[in-house]
Amino acid sequence: MSVAIDTHGLRKRFGSTEVLAGLDLSVPAGSVFALLGPNGAGKTTTINILTTLVKPDAGVARVAGFDVAASPEEVKGRIALTGQSAAVDEVLTGTENLVMMGRLSGLGRQAARDRADELLERFALTDAAHRRLGTYSGGMRRRLDLALSLVVDVPILFLDEPTTGLDTRSRQELWNVIRSLTEAGTTVFLTTQYLEEADQLADRIAVLDRGRVAAEGTADELKARIGGDVVELRNADGALLLELPTDGSVHGLRAAIDRLDHSPASAAEGTQVSIRRPSLDDVFLAITAGAEASAPELIESK
Amino acid sequence: MTTLIAPPRPAVPGPAAPARARLGAFTAESTFIGRSFRHSVRDVEALLMAIMLPTMLMLMFTFIFGNAIDPSGGYVDYVVPGIILLCAGFGASSTAISVSRDMTTGIIDRFRTMPVRSGAVLTGHVVASLARNLVATGVVIVVALLVGFRPDATVLGWLAAFGLVALYILTITYLFAAIGLAASSPEAASGFGFILLFLPYVSSAFVPVETMPEWLQWVAEYQPITPIIETIRGFLMDTPVDDTVWWALGWCLAILLVAIVWGGLLFRRKAGRR
């Protein structure tokens, strides 16, 4: 399988802050790759370097077979970016935004218009085609923003936190679109703060921590590293008393409940128990805490 | 089964042909100019202002101040060039806001990740401003003629006046574009631009320099607007312009050059690869 994106020892510093501290990534062509991490982990900087917006201080990045530092124009011809802030023209209509982008991508007038109609249809925006973007809802704007990246079939698509700020329904819709892209063979490189999003979409996930890849693998591999579900114990006021990570098996769950029996906190009036999926915090705590976190362990809260 | 299955598209283009075709010579420029024209036409408030302001100013200076300044009724002939420049400055100032908005909303980053000369965005705003303000100039002249403006210009004089007005608009538009690049937000851009709009008042646009206090005379005499005004007035009224025409051209070209260089540096800093 060939490689769409690879980086070696990528470094970037803004002032006294080291944002990337030697980033190594390898993204197979035709896959969905998610870069997972909290705010400030270096996700956007990584995207900015890969899309030629920012120069790395050190290291090499190759996108679609071209070095981003040496051949930025070649890279630009083969990528599209949908960034965090909706990069749309508020004054123009949906159609006009798409036609403009088509023209700038080398389509003829008629071809750009046909493509605009096609994309509006595909993103369920036909009814809003002749409305200015200023009147669009957040979800519609994101869909159009993504459509703008698809006016030509680029082999590699970058999505920087594509669903941040969207409601559940719009998020689901956007996920469906992203899934359909991979069926067409597009490589998708996305960043997200949400484990669920990475889980739903990505073939491979890299967890970014302080400018380095702290862990990489499929969603299942990462979950296995942090154990399965988390058993939570909360008091009558809803405050968290105990968190017990489990390995996700029935046996592991039973073991966790057994431990609850021995905990004095569970004896109090109104105490509630619940099971939840691991959150990004859990992945993070586990991965950044190192090897000892891979075994289920009692995390005492406060 | 004889179902036809479309062959899957090659998953990996590798160093194959780019998906975005190379653009024709002026495709980016004409696309961005079209965009800026649409912006101009849709900003109803600014468009109304561009037509209302010259009309109001023309009427105000002719019927309210005019007779006090020059009871013989010839003030309208004196004031036309000043109002043209005042309106041009006002109309061009929105360029600062448009440029700043493009630079701060993230749309510039989309253009920068495409094989397009991203500076063409600025070209679009400048050309639209030029067109917008030439229309405003036309409105000033039509209103002026209606209220008694009687120029003595020859055809050559009209052409020369038109050329100088266009050069002035281009210059001040570039200056506002650079201000838009320097400003941290569209609001800040609008604030900075405001200062420039007062320059015509401290010139020979509305009253002769000799009527000002001595210290102000010095400022009014040597600031760039005065020779430009005097030259346009000379062309329109067919009076000799002497060497003020060279001062007018010199000031315009010098400021244009500074604005282009300054704007270029700012653009590279803000929209270059960081």
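Residues numbered from 1 in each chain as written. Chains lettered and ligands numbered in written order. Predicted model: local features only at pLDDT ≥ 70, side-chain atom pairs only at ≥ 80, totals over all residues. Heavy atoms only, no water.

### Focus: the overall build of chain B
Within chain B, the regular secondary structure consists of 10 helices and 0 strands. The linear arrangement of helices and strands in chain B, starting from the amino end, is α-α-α-α-α-α-α-α-α-α. Computed over its C-alpha atoms, the radius of gyration of chain B comes to 23 Å, more than 25% above the 19 Å expected for a compact globule of 274 residues. Overall size of chain B, expressed as C-alpha extent along the three principal axes, is 100 × 40 × 35 Å. Taken across its 274 residues, chain B has 48% of its residues classed as buried. Side-chain charges of chain B comprise 18 positive and 16 negative groups, with the mean position of each set lying 26 Å from the other. (Helix = DSSP H or I, 4+ residues; strand = E, 2+ residues; numbered from the N terminus. Rg over C-alpha atoms; globule rule 2.2 N^0.38 Å. Buried < 20%, exposed > 50% of the residue type's maximum accessible area, 1.4 Å probe, protein only. Lys, Arg positive; Asp, Glu negative; His and termini not counted. Charge placed at Lys NZ, Arg CZ, Asp CG, Glu CD.)

### Concerning unusual backbone geometry
For A64 of chain A, which is not glycine, the phi torsion reads 55° and is therefore positive. Checked against the element boundaries, A64 of chain A lands in the loop between β4 (58–63) and β5 (66–67).

### Observations regarding the interface of chain A and chain B
In this assembly, 47 residues from chain A lie in contact with 35 residues from chain B. Between chain A and chain B, the buried area comes to about 3700 Å², and carbon and sulfur atoms account for 55% of it. The three residues of chain A that bury the most area against chain B are L53, K76 and L104 of chain A, which together make up 18% of that side's buried surface. Linking chain A to chain B there are 4 salt bridges. A salt bridge links E96 of chain A to R38 of chain B; the shortest N-O distance between them is 3.0 Å. For the side of chain A that touches chain B, the secondary structure elements donating two or more residues are α2 (72–76), β6 (79–82), α3 (94–104) and α5 (138–149) of chain A. No other element matches the 5 residues that α3 of chain A contributes to the side of chain A that touches chain B. In terms of residue class, the side of chain A that touches chain B is built from 25 nonpolar, 11 polar and 11 charged. (Contact = heavy atoms within 4.5 Å. Buried area = accessible area lost by both parts, 1.4 Å probe. Salt bridge = Lys/Arg side-chain N within 4 Å of Asp/Glu carboxyl O. Nonpolar A, V, L, I, M, F, W, Y, C, P; charged D, E, K, R; others polar.)

### Focus on helix α5 (residues 120–146) of chain B
The terminal C-alpha atoms of α5 of chain B, which comprises 27 residues, lie 39 Å apart, in line with the 39 Å expected from a rise of 1.5 Å per residue. Looking one or two residues past α5 of chain B, G148 of chain B carries a phi angle of roughly 115°, positive in sign. (Expected span 1.5 Å × (residues − 1).)

### So, the UniProt feature "domain: ABC transmembrane type-2" (unreviewed entry) in chain B
The sites that carry the UniProt feature "domain: ABC transmembrane type-2" (unreviewed entry) are, in the present numbering, residues 45–270 of chain B. Helix makes up 78% of residues 45–270 of chain B and strand 0%, and the two end C-alpha atoms of the span are 29 Å apart. (UniProt positions renumbered as here; feature names shortened; annotations may be inferred.)

### Re the environment of E230 of chain B
Of note, E230 of chain B is situated in helix α9 (residues 225–237). Placed 18 residues apart in sequence, E230 of chain B and A248 of chain B show a C-alpha to C-alpha distance of 8.6 Å.

### Brief notes about the packing of aromatic side chains
Under the defined criterion, the tally for this structure stands at 8 aromatic pairs over all chains. Ring geometry for F158 of chain A versus F189 of chain A: centroids 5.6 Å apart, planes at 50°, classification tilted. In this pair, F158 of chain A is assigned in strand β7 (residues 156–160) and F189 of chain A in strand β8 (residues 187–192), connecting sequence segments 31 residues apart. For F158 of chain A, a relative accessible area of 0% gives the class buried. The exposure class of F189 of chain A is buried, given its relative accessible area of 0%. A centroid spacing of 5.5 Å and a plane angle of 50° characterise the contact between W218 of chain B and Y222 of chain B, whose relative ring orientation is tilted. With a gap of 4 residues between them, W218 of chain B and Y222 of chain B both fall in helix α8 (residues 214–222), about one helical turn apart. (Phe/Tyr/Trp six-rings, centres within 6.5 Å; stacked < 30°, edge-to-face > 60°.)

### Some words on the sheet that holds β8 of chain A
Residue and element names in this part refer to chain A. If you walk across this open sheet you meet the 6 strands as β6-β7-β8-β3-β9-β10, and the pairing is mixed. Whereas interior strands pair on both sides, the edge strands pair on one side only; in this sheet they are β6 and β10 (212–217). Mean inter-strand twist for the sheet, computed between neighbouring axes without regard to direction, equals 15°. The sheet contact formed by strand β3 (residues 32–36) and strand β9 (residues 204–209) spans 4 bridges and is parallel. Across the sheet, residue F33 finds its bridge partner in β9, namely R204. Its contacts with the sheet place helix α1 (residues 43–50) against β3, β6, β7, β8 and β9, and it is angled at close to 150° to β8. Each of β3, β7 and β8 touches helix α6 (residues 168–183); the most contacted strand, β8, lies at about 150° to it. (Pairing = 2+ DSSP bridges. Axes fitted to C-alpha atoms, helices over the stretch in contact; angles between N-to-C directions.)

### Things to note about the side chain of S40 of chain B
Residue and element names in this part refer to chain B. With respect to the secondary-structure elements, S40 resides in helix α1 (residues 27–42). For S40, the side chain forms a polar contact with the side chain of R132, separated by 2.9 Å. Discounting chain neighbours no more than four positions away, the residues touching S40 are L47, A128 and R132. (Polar contact = N/O pair within 3.5 Å; in protein donor to acceptor, adjacent residues only side chain to side chain.)

### Section: the nonpolar core
Core analysis: the largest hydrophobic core is formed by 69 residues, its most contacted members being L98 and L144 of chain A together with F111 of chain B. Once residues within four sequence positions are removed from consideration, L98 of chain A is found in contact with A116, L119, L120, L144, A147, L148 and V151 of chain A. With 52 residues, the next largest nonpolar core counts Y75, V80, V165 and A248 of chain B among its residues. (Core = buried A, V, L, I, M, F, W, Y, C linked by side-chain atoms within 4.5 Å.)

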